[in-house]
Amino acid sequence: MPLSAPDIGIDLGTSNTSVYVRNRGIVISEPTMVVVDRDNRQTVRAVGDEARFLYGRSPESLLAVSPLRNGQVADFDMTELMLKYFVRKAIGVNFIGRPRILVSVPCGLDDVKRKALTEAVRLAGAKHVFLIEKPFAGAIGTGLPVYDPLGSMVVDIGAGTTDVAVISLGGLVVSQSIPVGGDRMDETLMNYMKRECNIIVGKQTSENVKKDLASAVPLENPRNILVRGINQLNTSAGTIRFNSLQAYEAVREPCEAIIKAIRWVLERTPPELCADIMRSGLHLTGGGSLLFALDRFISERLNIPVLLARDPQDCCILGMGYLTENIQLVTP
Ligand code: ADP
Ligand code: MG
């Protein structure tokens, strides 16, 4: 006898998508990527982990698509196909009816984009769709008392966006989303290496340099690493020594943009809530917040206590999971 479909929570990130199934927990965490036939884009060849593996290794006839850009649906059809695959993989098909699905979104998404995403999730198999702002889910995931009459501040730094929010009594009081996150850091590093070192590197290499070497404040003991790429001058393979001071300079611009967004939100936060935040601190979630010393940088620049969440990349899906288990909190 088939059961009714369980409720599902999805953290739809620009780089990574996770799926939580009620009463089971997190069952999927895979890259937000689809590989399709170039000629017939309805033919899906791979999704998630398999798609990431094929990326850069696939023949001309295949096309790898990242359906989200800066936290928003950039390719509607591919988003739908990917979500359909993940939902099937998460719960199978042996159910009566369709599941209710909770999906994370950046703050301040306009109505047109909210409708488009809702429609994609519906076509992927949902009966009802509920959109949850990422910092709200992140705040729950890192254990903040979001339903209390207390101000909590969360800054979620993902791959495509940074979402800043002040939360109280179960809602966002002030929020802002900017299209700057880990991806932008990869880009500014790539551009820096091209401009200052005449070397062209791929996205994967610059992401590795970011994780291994870059920092939001200059390192006390500078280091350097070898970076392999293509020499811009003679288009041959080349290797350079890249040091931590250069890496720091390269990511300064996105770090400053994050400061600006936090300041914008703080300036619009009611004084009582500001006082709460000064006491309990600003909480960092999302994989981008793992940039070395970003917590110290924000704390020193804004003169505010900053706490980096444990496992920042998982906060959002953990919060989505909590809401999936307690779905009466989001259903009208
Ligand atoms: P999204 O939800 O947008 O998919 P995530 O919260 O999963 O994003 O975070 C992914 C981002 O975090 C990527 O840009 C990745 O490079 C970055 N990231 C992960 N680990 C680190 C690290 N140790 N240092 C700096 N950035 C990191
Ligand atoms: Mg995220």
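Look above for the structure.
Bear in mind that the values here come from a model prediction, so they are computed numbers and not experimental data. (Residues numbered from 1 in each chain as written. Chains lettered and ligands numbered in written order. Predicted model: local features only at pLDDT ≥ 70, side-chain atom pairs only at ≥ 80, totals over all residues. Heavy atoms only, no water.)

J.: Outline the sheet that holds strand S15 (residues 171-178), supporting the account with residue identities and numerical values.
T.: Spatially, the five strands line up as an open sheet ordered S15-S14-S13-S19-S20, and their pairing is mixed. In this open sheet, the two edge strands, each paired with only one partner strand, are S15 and strand S20 (306-308). Across the sheet, the mean angle from the axis of one strand to that of its neighbour is 20°, orientation sign disregarded. As paired elements, strand S13 (residues 152-157) and strand S19 (residues 282-285) share four bridges and run parallel to each other. (Pairing = 2+ DSSP bridges. Helix = DSSP H or I, 4+ residues; strand = E, 2+ residues; numbered from the N terminus. Axes fitted to C-alpha atoms, helices over the stretch in contact; angles between N-to-C directions.)

J.: Break down the pattern of salt bridges for me, citing the residues and quoting the values.
T.: Under the counting rule described, the total for this entry stands at 20 salt bridges. In this structure, Glu 80 engages Lys 84 in a salt bridge whose closest nitrogen and oxygen atoms are separated by 3.6 Å. Residue Glu 80 and its partner Lys 84 are both found in helix H2 (residues 76-91); the two are separated by four residues, about one turn of the helix. The closest approach of N and O atoms between Arg 279 and Asp 276, which form a salt bridge, is 2.9 Å. Placement of both Arg 279 and Asp 276 in helix H9 (residues 271-280) is noted, with a separation of three residues, approximately one turn of the helix. Relative accessible area serves as the criterion here: at 10%, Asp 276 is assigned to the buried category. Each of the salt bridges in this network shares a partner with another, and the network as a whole consists of Asp 7, Arg 22, Arg 100 and Glu 325. (Salt bridge = Lys/Arg side-chain N within 4 Å of Asp/Glu carboxyl O. Buried < 20%, exposed > 50% of the residue type's maximum accessible area, 1.4 Å probe, protein only.)

J.: Break down the sheet that holds strand S4 (residues 25-31) for me, citing the residues and quoting the values.
T.: Spatial ordering of the open sheet is given by S4-S3-S2-S11-S12, a layout of five strands whose pairing is mixed. If you trace the sheet from one side to the other, it starts and ends with S4 and strand S12 (128-133), each paired once. Going across the sheet, the axis of each strand differs from the next one's by a mean of 20°, ignoring polarity. Sheet topology note: the strand S2 (residues 8-12)/strand S3 (residues 16-21) ladder contains five bridges and is antiparallel. Its bridge partner lying in S3, Leu 12 is registered against Thr 17.

J.: Let's hear about the pairing of S19: which residues, and what values?
T.: On S19, burial covers both faces: Leu 282 and Leu 284 on one face and His 283 and Thr 285 on the other are all buried. Alignment of S19 against S20, held across three bridges, turns out to be parallel. Within the sheet, the bridge partner assigned to Leu 282 lies in S20 and is Val 306. For the segment spanning S19, helix H10 (residues 294-302) and S20, crossover handedness is right-handed. (Right-handed = clockwise from strand over helix to strand, strands pointing away.)

J.: Lay out the site of ligand 1 with the relevant residues and their values.
T.: In the neighbourhood of ligand 1, 18 residues make up the surrounding shell, with Ser 15, Ala 159, Glu 207, Lys 210 and Gly 287 lying closest. Between ligand 1 and Thr 14 there is a distance of 3.2 Å, counted from an oxygen atom to a backbone nitrogen or oxygen. In the environment of ligand 1, an oxygen atom lies 2.6 Å from a nitrogen or oxygen atom belonging to the side chain of Lys 210. Its free accessible area being 580 Å², ligand 1 has 89% of it covered by the protein chains. Top element by residues in the shell around ligand 1 is helix H6 (residues 203-212). It accounts for three residues. (Near = heavy atom within 4 Å. Polar contact = N/O pair within 3.5 Å; in protein donor to acceptor, adjacent residues only side chain to side chain. Areas by Shrake-Rupley, 256 points an atom, 1.4 Å probe, with all protein chains shown as cover.)

J.: Requested: an account of a nonpolar patch on the surface, with residues and values cited.
T.: A contiguous nonpolar surface patch, about 270 Å² in accessible area, is contributed by Tyr 147, Tyr 322 and Leu 329. With respect to the secondary-structure elements, Leu 329 resides in the segment after helix H11 (315-325). Residue classification places Leu 329 among the partly exposed residues on the basis of a relative accessible area of 37%. (Patch = residues over 30% accessible without salt bridge, like charges linked within 9 Å, V, L, I, M, F, W, Y side chains within 5 Å.)

J.: I'd like a description of the state of the cysteines, backed by residues and values.
T.: Summed over the entire model, instances satisfying the criterion amount to zero disulfides. Cys 316 supplies the cysteine sulfur nearest to Cys 107, a cysteine that is in no disulfide, at a spacing of 10 Å. We note that Cys 197 lacks a disulfide partner, and the nearest cysteine sulfur, in Cys 255, lies 18 Å from it. Look at Cys 197 and you get buried, because its relative accessible area is 17%. (Disulfide = S-S within 2.5 Å.)

J.: Tell me about the packing of H2 against helix H3 (residues 111-123), residues and numbers included.
T.: Between H2 and H3, the shortest axis-to-axis distance is 8 Å and the interhelical angle comes to 40°. Classed by the angle they form, the pair H2 and H3 counts as oblique. Pair H2 / H3 crosses with right-handed handedness. Along its contact with H2, which presents Phe 76, Thr 79, Glu 80, Leu 83 and Lys 84, the element H3 presents Ala 116, Glu 119, Ala 120, Val 121 and Leu 123. Taken together, the residues that form the contact of H2 with H3 break down as six nonpolar, one polar and three charged. (Parallel < 35°, antiparallel > 145°, perpendicular 65-115°, else oblique. Left-handed = near helix turned anticlockwise from the far one by under 90°. Contact = heavy atoms within 4.5 Å. Nonpolar A, V, L, I, M, F, W, Y, C, P; charged D, E, K, R; others polar.)

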